[in-house]
Amino acid sequence: MTVFAVFVLRELALPSWAFGVALTAGGVGGFVGAMIAPRVGVRLGAGKAILLGRVLVVIPWLVLALAPLTADTGVAVVLVIVAVAQFVYCLAMGIEDTNDISYRQSVATDGIQGRMNSTIRTVNRVVFFFGTLLTGLLMTLLGFQTTFGIGARRARHCRPRHRVLPAPRRAARGHRSLAA
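Peer 1: So, the packing of aromatic side chains: which residues are in play, and what are the values?
Peer 2: Counted under the stated rule, the structure contains four aromatic pairs. Taken together, a centroid distance of 5.9 Å and an interplanar angle of 35 degrees make the contact between Phe 4 and Phe 19 tilted. One end of the pair, Phe 4, is in helix α1 (residues 2–11); the other, Phe 19, is in helix α2 (residues 16–44), and 15 residues separate them in sequence. Where Phe 4 meets Trp 61, the ring centres are 6.1 Å apart and the plane angle is 80 degrees; that geometry is what we call edge-to-face. Linking Phe 4 in helix α1 with Trp 61 in helix α4 (residues 58–66), this pair joins segments that are 57 residues apart in sequence. Taken individually, Phe 4 and Trp 61 each receive the classification buried, so the pair is uniform in this respect.

Peer 1: How would you sum up the side chain of Asn 99? Please name residues and give values.
Peer 2: Mapped onto the secondary structure, Asn 99 falls in helix α5 (residues 75–107). Polar contacts involving the side chain of Asn 99 include one to the main-chain carbonyl oxygen of Ala 37, which spans 3.3 Å.

Peer 1: Just give me the short version of unusual backbone geometry, but keep the residues and values in it.
Peer 2: The phi torsion at Ala 13 lies on the positive side, around 55 degrees, for a residue other than glycine. In this fold, Ala 13 is placed in the loop between α1 and α2.

Peer 1: Go over a nonpolar patch on the surface with me, naming the residues and quoting the values.
Peer 2: Together, Val 28, Phe 31, Val 32 and Met 35 make up a nonpolar patch on the protein surface, roughly 360 Å² of accessible area in all. Tracing the backbone through its elements, the reader meets Val 28 in helix α2.

Peer 1: Mind laying out the environment of Thr 73, listing which residues take part and the relevant values?
Peer 2: Within the secondary structure, Thr 73 sits in the loop between α4 and α5. A sequence separation of 60 residues divides Thr 73 from Ala 13, and the C-alpha atoms of the two residues are 9.4 Å apart. A polar atom in the side chain of Thr 73 sits 3.0 Å from the backbone nitrogen of Thr 70.

Peer 1: Would you mind going over α2 in detail, with residue names and values included?
Peer 2: At 3.6 residues per turn, the α-helix brings residues three or four places apart onto the same side. Taking 1.5 Å as the rise per residue, α2 with 29 residues should run 42 Å; its terminal C-alpha atoms sit 39 Å apart, in good agreement. Among the residues of α2, those classed as buried are Ala 18, Phe 19, Ala 22, Ala 25, Gly 26, Gly 29, Gly 33, Ala 37, Val 40 and Gly 41. The positive-phi residue at the C-terminal boundary of α2 is Gly 45, with phi of around 95 degrees.

Peer 1: Please provide a residue-by-residue account of the nonpolar core, values included.
Peer 2: Ranked by internal contacts, the top residues of the largest apolar core, which has 29 residues, are Phe 7, Leu 64 and Val 82. Elements with a minimum of two residues in this core: α1, α2, α4, α5 and α7 (144–157). Not counting chain neighbours up to four residues away, the residues in contact with Phe 7 comprise Leu 12, Leu 64, Phe 144, Gln 145 and Phe 148.

Peer 1: I'd like a description of the pattern of salt bridges, backed by residues and values.
Peer 2: The final tally for this structure, using the stated rule, is three salt bridges. A salt bridge links Arg 54 to Asp 100, with the nearest nitrogen and oxygen atoms 3.7 Å apart. Taken together, the residues Arg 54 in helix α3 (residues 46–56) and Asp 100 in helix α5 connect sequence positions 46 residues apart. With a relative accessible area of 14%, Arg 54 lands in the buried category.

Peer 1: Could you give an account of the environment of Gln 105, naming the residues involved and the relevant values?
Peer 2: Here Gln 105 is to be found in helix α5. Judged by relative accessible area, Gln 105 falls into the partly exposed class, the value being 33%. Residues Gln 105 and Asn 117, spaced twelve residues apart in sequence, show a C-alpha to C-alpha distance of 9.1 Å. Excluding residues within four positions of it along the chain, Gln 105 makes contact with Gln 113, Met 116 and Asn 117. At 3.4 Å, the side chain of Gln 105 and the side chain of Asn 117 are in polar contact.

What counts, and where the lines are drawn
- Residues numbered from 1 in each chain as written.
- Predicted model: local features only at pLDDT ≥ 70, side-chain atom pairs only at ≥ 80, totals over all residues.
- Heavy atoms only, no water.
- Phe/Tyr/Trp six-rings, centres within 6.5 Å; stacked < 30°, edge-to-face > 60°.
- Helix = DSSP H or I, 4+ residues; strand = E, 2+ residues; numbered from the N terminus.
- Buried < 20%, exposed > 50% of the residue type's maximum accessible area, 1.4 Å probe, protein only.
- Polar contact = N/O pair within 3.5 Å; in protein donor to acceptor, adjacent residues only side chain to side chain.
- Patch = residues over 30% accessible without salt bridge, like charges linked within 9 Å, V, L, I, M, F, W, Y side chains within 5 Å.
- Areas by Shrake-Rupley, 256 points an atom, 1.4 Å probe, with all protein chains shown as cover.
- Salt bridge = Lys/Arg side-chain N within 4 Å of Asp/Glu carboxyl O.
- Expected span 1.5 Å × (residues − 1).
- Core = buried A, V, L, I, M, F, W, Y, C linked by side-chain atoms within 4.5 Å.
- Contact = heavy atoms within 4.5 Å.

What follows is the structure, given as structure tokens:
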């Protein structure tokens, strides 16, 4: 998301009202994702629902990396592509976040809930901080679309918890944490 606003507003010269429409599409996508997340979690299991969200989140960044968009592309075309990208991105996040948090809450004992959540939030904030700095550097050195491509490729491989702690996630494959 670090590069997204700069890319859309500066590089593609999308008017601010159109950028607002695209962000609204993202909000709708997030809402829809959160609303369907329980059914997706029950149908696929929490683990597969989390992975589905993580796979879907790559698609918008690949589209933005590969689509031949420029400032000369019409506002309507750019708006549709950017709005759909935001919708899919936020839809994926709604599915993944809801199932991930529900799964964690269902398997962690009450005694470690606070420590678990505060540790995860702290690590996320630190990773976001350094990720933002790195993304800005890549954007400056390599350009917008190359940075989107790198981000999509890295997001596809961002599953360190699956490699480090495989047993709990394997158990999540059939876990129905959202069934209640």
